[in-house]
Amino acid sequence: MGLGRRGRVIQAVTFDFWQTLMADTPENLTRATALRIEGVNTVLARSGQPVKTEGLKAAYEACGHRLRRIWQEHRDLPYREQVAIFLEAGAPGLAGRLAPEIFEEVVQAYITPVLSSPPAPSPGAVEAVNALANQGFVLCVVSNTGRTPGVMLRQVLARFRLLDRFRVTSFSDELGIRKPNPEIFRTTLARAGVDPACAVHVGDSPEDDIAGARAAGMRAIHFVADGQPGSEAADLVLRDLAGLPDALARLL
């Protein structure tokens, strides 16, 4: 581990999930959406509470609009509550009419498409995580979620043998707060037992990751893999995660 700003030892590195540890594509998102609607449609039809496919698509969009308003306030909802909003947008009272076991089937249809259409590790991500863990850094994940909750994202990390490398994995749907709210960073580091001044966050969003981490008292590395300019507010700009171990040594 290396000395950081003001002589503080860098003890922890936190990572964003989407487009940092894991890279997704618009095509993958489209496939996941189709799987989600198809799966929910199948469960509802089998349970005797059918909703037309077009109605479910409209409900999905309406649910998205409501979620985005909540997310803009840097808040988040548990995934079962999100599913209830989706169902209510499709047919008022539907969520309450479903037997608990059927509702859980709908929940599983809603949250599991990522396992059939998963993102892939960003280039250099696996190597960087393993190298930092072997060097003794405390590693954490701090990530906002969308339609796919943290309980599923941990399974994605496990699929690539990364989950056990992280001491704490914080997801917005579980904590109820979203980046750039600095509390999601502070809560994560408190659970990890690390002072924010001794931690560095790595992420792709100038607002959510860089501004959020710095507001929490951390240093921040802007990961930019698409050729876009790096954030001037970042302590460092990184374009290849394989270079992260060496980059940490430059945070002096």
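Residues numbered from 1 in each chain as written. Predicted model: local features only at pLDDT ≥ 70, side-chain atom pairs only at ≥ 80, totals over all residues. Heavy atoms only, no water.

Asks: Got a sec to walk through the sheet that holds strand E1 (residues 12-15)? Specific residues and values, please.
Replies: Spatially, E5-E4-E1-E6-E7-E8 is the arrangement adopted by the six strands of the open sheet, whose pairing is parallel. Of all strands in the sheet, those with a lone pairing partner are strand E5 (168-171) and strand E8 (236-238), marking the two edges. Taking each pair of neighbouring strands and ignoring which way they run, the sheet shows an average axis angle of 20°. Looking at chain direction, strand E6 (residues 199-203) and strand E7 (residues 219-223) are connected through four bridges and run parallel. Note that in E7 the partner of Gly-203 across the bridge is His-222. Packed on one face of the sheet, helix H10 (residues 182-192) meets E1, strand E4 (138-143), E5 and E6 and runs near 150° to E4. (Pairing = 2+ DSSP bridges. Helix = DSSP H or I, 4+ residues; strand = E, 2+ residues; numbered from the N terminus. Axes fitted to C-alpha atoms, helices over the stretch in contact; angles between N-to-C directions. Contact = heavy atoms within 4.5 Å.)

Asks: Tell me about the nonpolar core, and please be specific about residues and values.
Replies: Of all hydrophobic cores here, the largest spans 63 residues; its most connected members are Phe-15 and Leu-87. If we ignore the near neighbours within four places in the chain, the residues touching Leu-87 are Val-40, Leu-44, Leu-94, Ala-95, Leu-98, Phe-103 and Val-106. (Core = buried A, V, L, I, M, F, W, Y, C linked by side-chain atoms within 4.5 Å. Buried < 20%, exposed > 50% of the residue type's maximum accessible area, 1.4 Å probe, protein only.)

Asks: Can you explain the confidence of the model for the protein? Please cite residues and give values.
Replies: On average, residues of the protein score 95 in pLDDT, and 97% of them reach the 70 mark or higher. Here residues 2-6 scores under 50 on pLDDT; set against residues more than four positions off or in separate chains, the count is 19 contacts. (pLDDT = per-residue confidence, 0-100.)

Asks: Give a detailed account of the environment of Leu-44, specifying residues and quantitative values.
Replies: Looking at where Leu-44 falls in the secondary structure, it is placed in helix H1 (residues 26-46). The buried category is assigned to Leu-44, whose relative accessible area is 0%. If near-sequence neighbours (up to four positions away) are discounted, Leu-44 is found in contact with Gln-49, Pro-50, Val-51, Leu-56, Leu-87, Leu-94, Leu-98 and Val-106.

Asks: Residues and numbers for the packing of aromatic side chains, please.
Replies: Scanning the model with the defined rule gives five aromatic pairs in all. Ring geometry for Phe-15 and Phe-166: centres 6.1 Å apart, planes at 80°, overall edge-to-face. One end of the pair, Phe-15, is in strand E1; the other, Phe-166, is in the loop between helix H8 (150-159) and E5, and 151 residues separate them in sequence. Exposure remark for Phe-166: the relative accessible area of 8% places this residue in the buried category. Plain terms: the ring middles of Phe-17 and Trp-18 are 4.9 Å apart, the flat faces sit at 75° to each other, and that makes the pair edge-to-face. (Phe/Tyr/Trp six-rings, centres within 6.5 Å; stacked < 30°, edge-to-face > 60°.)

Asks: Before we move on, can you summarise the packing of H10 against helix H11 (residues 206-215) with the specific residues and values?
Replies: For the pair H10 and H11, the least separation of the axes is 8 Å and the interaxial angle reads 65°. Crossing geometry of H10 relative to H11 is assigned as right-handed. For the pair H10 and H11, the contacting residues are Pro-182, Phe-185 and Arg-186 in the first and Asp-208, Asp-209, Gly-212, Ala-213 and Ala-215 in the second. Of the residues belonging to the contact of H10 with H11, the class tally is four nonpolar, one polar and three charged. (Left-handed = near helix turned anticlockwise from the far one by under 90°. Nonpolar A, V, L, I, M, F, W, Y, C, P; charged D, E, K, R; others polar.)

Asks: I'd like a description of the pattern of salt bridges, backed by residues and values.
Replies: Once their charged atoms are close, side chains differing in charge can pair, the charge on each being opposite to the other. Under the defined criterion, the tally for this structure stands at 10 salt bridges. The shortest N-O distance in the salt bridge between Asp-76 and Arg-178 comes to 2.9 Å. Taken together, the positions of Asp-76 in the loop between helix H2 (53-72) and helix H3 (79-90) and Arg-178 in the loop between helix H9 (172-175) and H10 put the pair 102 residues apart, joining distant regions of the chain. Here the two residues Asp-76 and Arg-178 agree in accessibility, since each one is buried. Put simply, Lys-179 and Asp-209 hold a salt bridge, and the shortest N to O gap is 2.7 Å. A residue pair is termed long-range when its members are at least 10 positions apart, and Lys-179 in the loop between H9 and H10 and Asp-209 in helix H11 qualify at 30 residues. (Salt bridge = Lys/Arg side-chain N within 4 Å of Asp/Glu carboxyl O.)

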